[in-house]
Amino acid sequence: MASEDVVGKTSATIANLAEEAKIASEGVKAPSRHALLSICKSLVAGGVAGGVSRTAVAPLERLKILLQVQNPHAIKYNGTIQGLKYIWRTEGFRGLFKGNGTNCARIVPNSAVKFFSYEEASKGILYLYRQQPGNEDAELTPLLRLGAGACAGIIAMSATYPMDLVRGRLTVQTDTSPSQYRGIAHALRTVLREEGPRALYKGWLPSVIGVVPYVGLNFAVYESLKDWLVKSRPFGLVEGTELSVTTKLACGAAAGTVGQTVAYPLDVIRRRMQMVGWKDAASVVTADGKSALEYTGMVDAFRKTVRYEGFGALYKGLVPNSVKVVPSIAIAFVSYEVVKDLLGVEMRISD
């Protein structure tokens with residue numbers, strides 16, 4: 001009898017464990033599928049929002065790059081208004097959007113890699129942080145999130161950097177360029193054939209260095225502005241403890257402006273390094289036969305740019321870049337919300 005009781009109890013225990021395992025399995029699988037679907041929808045919404053916002057400000061983006069890389073021996077673009085008029089007059093409406101297709105094609109994989117990298121980096125950083133004595137139950141702090149965001153930015157930028165290089169060259173070439181890239185694939189093949197695989201990562205170092213201060217300042221300025229507005233409540237902008245969407249948007253625009261202003265010289269150097277080795281470079285780079293500067297590295301590019309063009313050359317194109325910040329953020333925000341609603345994405349905010 002005792003043995004039968006033991007067997008009975010054991011069988012009951014096994015049955016209970018099996019039932020619990022089944023329930024647990026079902027409980028894990030369903031949210032997992034739902035989470036995966038939600039992530040995919042969010043990525044689609046983010047990709048569409050990025051494409052729409054970048055297309056809306058594409059003329060300013062192209063002018064910024066042209067100002068950054070134009071040869072100082074033959075200035076064609078002298079400012080935002082004059083530059084846009086010159087592009088319209090010499091290349092027409094389509095000229096305002098050159099390179100935009102590549103830029104949009106770069107957004108979806110960049111967003112996907114950045115999202116995945118941020119999640120994994122957050123887990124890894126939190127794990128290491130919890131290994132320290134007294135931090136066993138610690139949660140992610142703003143500083144740790146900043147580190148995870150910087151890691152994600154560097155990984156995503158590195159993964160899609162060849163597309164960024166090609167985008168820069170497609171943007172710069174004009175109808176009078178001696179040789180034309182016919183599209184993304186043709187440009188990638190041509191660079192690989194004529195300059196080698198390493199050429200796809202020209203300017204990568206200043207890009208990596210620029211990610212950290214850009215992300216850091218964006219975060220610091222945005223959070224500081226929000227805290228100041230909630231505490232001081234100037235001009236009646238804040239009611240209660242919550243900021244309106246418009247106010248948050250303004251904080252984001254201000255943060256983006258400060259961050260890109262500080263990191264902008266690195267962006268200029270990156271663009272110039274991307275043009276080095278381009279055998280049939282566009283006339284805006286070669287100045288119609290006049291020699292273009294060659295750079296052996298990031299430091300050399302900084303030194304030569306300041307020596308031959310002055311310190312102000314490190315901020316060429318800053319005005320059109322600053323002008324596009326606010327509409328770009330606004331359009332991206334609205335587009336994301338609209339696409340999110342269409343796809344039925346559920347947004348859950350966790351503490």
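Keep in mind the model is a prediction, meaning the values are calculated, not measured. Starting afresh in each chain, residues are numbered from 1 along the sequence in its written order. Thresholds applied to this predicted model are a pLDDT of at least 70 for local features of residues and 80 or more for the giving and counting of side-chain atom pairs; totals over whole chains, interfaces and linings are not thresholded and use all residues. No hydrogens and no water enter the side-chain calculation; it runs on all heavy atoms of the structure.

K.L.:
Give a detailed account of the overall build of the protein, specifying residues and quantitative values.
P.N.:
Helix and strand content of the protein: 13 helices and 0 strands. Across the 351 residues that make up the protein, the buried fraction comes to 40%. Only heavy atoms enter the contact rule, under which two residues are in contact if any of them lie within 4.5 Å. The long-range fraction of contacts in the protein, counting pairs at least 24 apart against all pairs at least 6 apart in sequence, stands at 76%. The Shrake-Rupley method, run with a 1.4 Å probe sphere, supplies the accessible areas, and residue values consider only the shown protein chains as cover. When the accessible surface of the protein is summed, it comes to about 19,300 Å², and 64% of that surface belongs to carbon and sulfur atoms. Helix numbering and strand numbering both begin at the N terminus, where a helix is a DSSP run of H or I of at least 4 residues and a strand a DSSP run of E of at least 2. Think of it in three bands: residues with accessible area under 20% of the maximum for their type are buried, residues over 50% are exposed, and the middle band is partly exposed, with areas taken using a 1.4 Å probe on protein chains only.

K.L.:
Just give me the short version of the confidence of the model for the protein, but keep the residues and values in it.
P.N.:
The predictor rates its confidence in each residue with pLDDT, a number between 0 and 100. For the protein, per-residue confidence averages 76 on the pLDDT scale, and 77% of positions sit at 70 or higher. Note that pLDDT drops below 50 for residues 1-31; the model gives that stretch 1 contact with residues more than four away or on any other chain. In this model, residues 346-351 is a region of pLDDT below 50 whose contacts with residues beyond four sequence positions or in other chains number 5 contacts.

K.L.:
If you had to explain the environment of Tyr161 to someone new, which residues and values would you point to?
P.N.:
Turning to its location among the elements, Tyr161 is positioned in helix α6 (residues 161-172). Along the primary structure Tyr161 and Asn110 are separated by 51 residues, whereas in three dimensions their C-alpha atoms are 9.3 Å apart. Filtering out sequence-adjacent residues up to four positions away, Tyr161 remains in contact with Leu200, Tyr201, Lys202, Gly203, Trp204, Ser207, Arg270 and Gln274. For the purposes of these results, a polar contact is taken to be a pair of N or O atoms within 3.5 Å, where, inside protein, one atom must be able to donate a hydrogen and its partner to accept one; residues adjacent in sequence count only when each atom of the pair is a side-chain atom. Separated by 3.4 Å, the side chain of Tyr161 and the backbone nitrogen of Trp204 make a polar contact.

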